[in-house]
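One-letter residues, chain by chain:
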Amino acid sequence: MLHFWEEPCISGKNGSGAVFFSGCALRCCFCQNESIANRNFGKEISPERLAEIFLNLQEQGANNVNLVTAGHVLPWVIPALESAKPKLHIPVIYNSGGYELAEILHELDGLVDVYLPDFKFFDSATAQNYAHAPDYPEIAEQALAEMLRQTGMPVLKDNLIQQGCIVRHLVMPGHRHESIALLQHLAGTFGTDTFLLSLMAQYTPVQNQAYPELNRRITKMEYQSVLKTAGKLGFLGYCQEKSSAKSEYTPDFHLQGL
Ligand code: SF4
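Residues numbered from 1 in each chain as written. Predicted model: local features only at pLDDT ≥ 70, side-chain atom pairs only at ≥ 80, totals over all residues. Heavy atoms only, no water.

This paragraph deals with the overall build of the protein. The secondary structure content of the protein amounts to nine helices and nine strands. In terms of overall dimensions, the protein is globule-like: its C-alpha atoms have a radius of gyration of 17 Å, near the 18 Å expected for 258 residues. Each of the three principal axes of the protein carries a C-alpha extent, and together these read 45 × 40 × 35 Å. Within the protein, residue pairs in contact and separated by at least 24 positions form 72% of the contacts whose partners lie at least 6 positions apart. Between the centroid of the 19 positive side chains of the protein and the centroid of its 27 negative side chains there is a distance of 9 Å. (Helix = DSSP H or I, 4+ residues; strand = E, 2+ residues; numbered from the N terminus. Rg over C-alpha atoms; globule rule 2.2 N^0.38 Å. Contact = heavy atoms within 4.5 Å. Lys, Arg positive; Asp, Glu negative; His and termini not counted. Charge placed at Lys NZ, Arg CZ, Asp CG, Glu CD.)

Below is the structure:
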């Protein structure tokens, strides 16, 4: 689908060519794409068909091919990319929850132009609590190092990203101090000019009774305090209006035409 709700340098005017893969390596309790990520809503297709879909998106005028959560299906995605890449004149974006093994990402070297990882949790206990992945902070950091090694500094042309990394961080209710500690750590480890930061305010509760503390949106104060830290540290990138926290931002999926 052409997706118009990504960061401006990804969606642009024409939209991003998003391909959503069923399933996900993480099982975040607040997932907004639960039917796709955790219940495998989708349709089975071949690598050959997938390569055609990449090229069809280019023909439709997409600014890029945007692979959304493909880490667990790379044995099929890599041959599709190898087949389509020589015919693509738009960048390939790898959109990820950030929970990726660096040695597996190595297989994507030369096939992916832009990495778009989340960095969701900085505290191992939070990662355990909300995604059963206590090693998330460590794995996500190693993954980001490999992504940066492959792409180098962000390159934009006509306000559209061609190469580089954009790191997304979603500010969660009650976790602003963790967000601030994460930004300080990333700045100290990777610098603030090696990637663009996308600081997201769109957390939307899924009314999960097991986690009552997550059953609210973030406050303006929570978001502003993290945003202020990002600014003080010198990050460049994107922020959202607090009014972005609407469930309408959840993409509407259908399977027609595959
Ligand atoms: S990483 Fe993203 S898609 Fe996967 S479960 Fe978490 S929120 Fe959902």
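So, on to the packing of aromatic side chains. All chains considered together, the criterion is met by eight aromatic pairs. Ring geometry for Tyr99 against Tyr136: centres 5.9 Å apart, planes inclined by 20°, an arrangement best described as stacked. A residue pair is termed long-range when its members are at least 10 positions apart, and Tyr99 in the loop between strand 4 (92–96) and helix 5 (102–105) and Tyr136 in helix 7 (residues 136–151) qualify at 37 residues. Residues Tyr130 and Tyr211 carry aromatic rings whose centres are separated by 5.4 Å and whose planes lie at 75° to one another, so their mutual orientation is edge-to-face. In this pair, Tyr130 is assigned in helix 6 (residues 124–131) and Tyr211 in the loop between strand 8 (196–200) and helix 9 (220–233), connecting sequence segments 81 residues apart. Exposure remark for Tyr130: the relative accessible area of 2% places this residue in the buried category. An aromatic cluster is present here, built from Phe30, Tyr99, Phe119, Phe121, Tyr136 and Tyr203 joined pairwise through their rings. (Phe/Tyr/Trp six-rings, centres within 6.5 Å; stacked < 30°, edge-to-face > 60°. Buried < 20%, exposed > 50% of the residue type's maximum accessible area, 1.4 Å probe, protein only.)

Turning our attention to the side chain of Glu146. Within the fold, Glu146 resides in helix 7. Glu146 gets classed as buried once you look at its relative accessible area, which sits at 11%. In this structure the side chain of Glu146 is engaged in a polar contact, spanning 3.4 Å, whose partner is the side chain of His106. If near-sequence neighbours (up to four positions away) are discounted, Glu146 is found in contact with Ala102, Leu105 and His106. (Polar contact = N/O pair within 3.5 Å; in protein donor to acceptor, adjacent residues only side chain to side chain.)

The next point concerns the nonpolar core. Membership of the largest hydrophobic core comes to 65 residues, with the highest contact counts inside it found for Phe30, Phe54, Leu67, Tyr94, Leu108 and Phe195. If we skip the residues at most four places from it in the chain, Leu108 touches Leu74, Ile78, Leu81, Tyr94, Tyr115 and Gln150. Within the second largest apolar cluster, eight residues are counted, among which are Ile10, Ile93, Ile161 and Ile166. (Core = buried A, V, L, I, M, F, W, Y, C linked by side-chain atoms within 4.5 Å.)

Between helix 3 (residues 47–59) and helix 4 (residues 74–84), the shortest axis-to-axis distance is 8 Å and the interhelical angle comes to 50°. Taken as axis vectors, helix 3 and helix 4 run oblique relative to one another. Seen from above, helix 3 lies across helix 4 with right-handed handedness. From helix 3, Pro47, Leu50, Ala51, Phe54 and Leu55 reach across to helix 4, where they touch Trp76, Val77, Ala80, Leu81, Ser83 and Ala84. Residues of the contact of helix 3 with helix 4, tallied by class, amount to ten nonpolar, one polar and no charged. (Axes fitted to C-alpha atoms, helices over the stretch in contact; angles between N-to-C directions. Parallel < 35°, antiparallel > 145°, perpendicular 65-115°, else oblique. Left-handed = near helix turned anticlockwise from the far one by under 90°. Nonpolar A, V, L, I, M, F, W, Y, C, P; charged D, E, K, R; others polar.)

For the structure shown, the criterion picks out two cavities of 30 Å³ or more. Counted as a void, the largest cavity has a volume near 60 Å³. Lys120, Phe121, Thr126, His169, Leu170, Met172, His175, Glu178 and Ser179 together form the lining of the largest cavity. For the lining of the largest cavity, the elements supplying multiple residues, two or more each, are strand 7 (160–170) and helix 8 (176–190). Grouping the amino acids of the lining of the largest cavity by side-chain chemistry returns three nonpolar, four polar and two charged. Estimated volume of the second largest cavity: approximately 30 Å³. (1 Å grid on protein atoms, 1.4 Å probe; cavity = no way out; pocket = protein on both sides within 12 Å on 5 of 7 lines; lining within 4 Å. Points joined across faces, edges and corners; volume = space filled by probe spheres on them.)

Every residue close to the ligand is listed here: Cys24, Leu26, Cys28, Cys31, Ala37, Gly97 and Lys120. Considering only residue class, the shell around the ligand consists of five nonpolar, one polar and one charged. (Near = heavy atom within 4 Å.)

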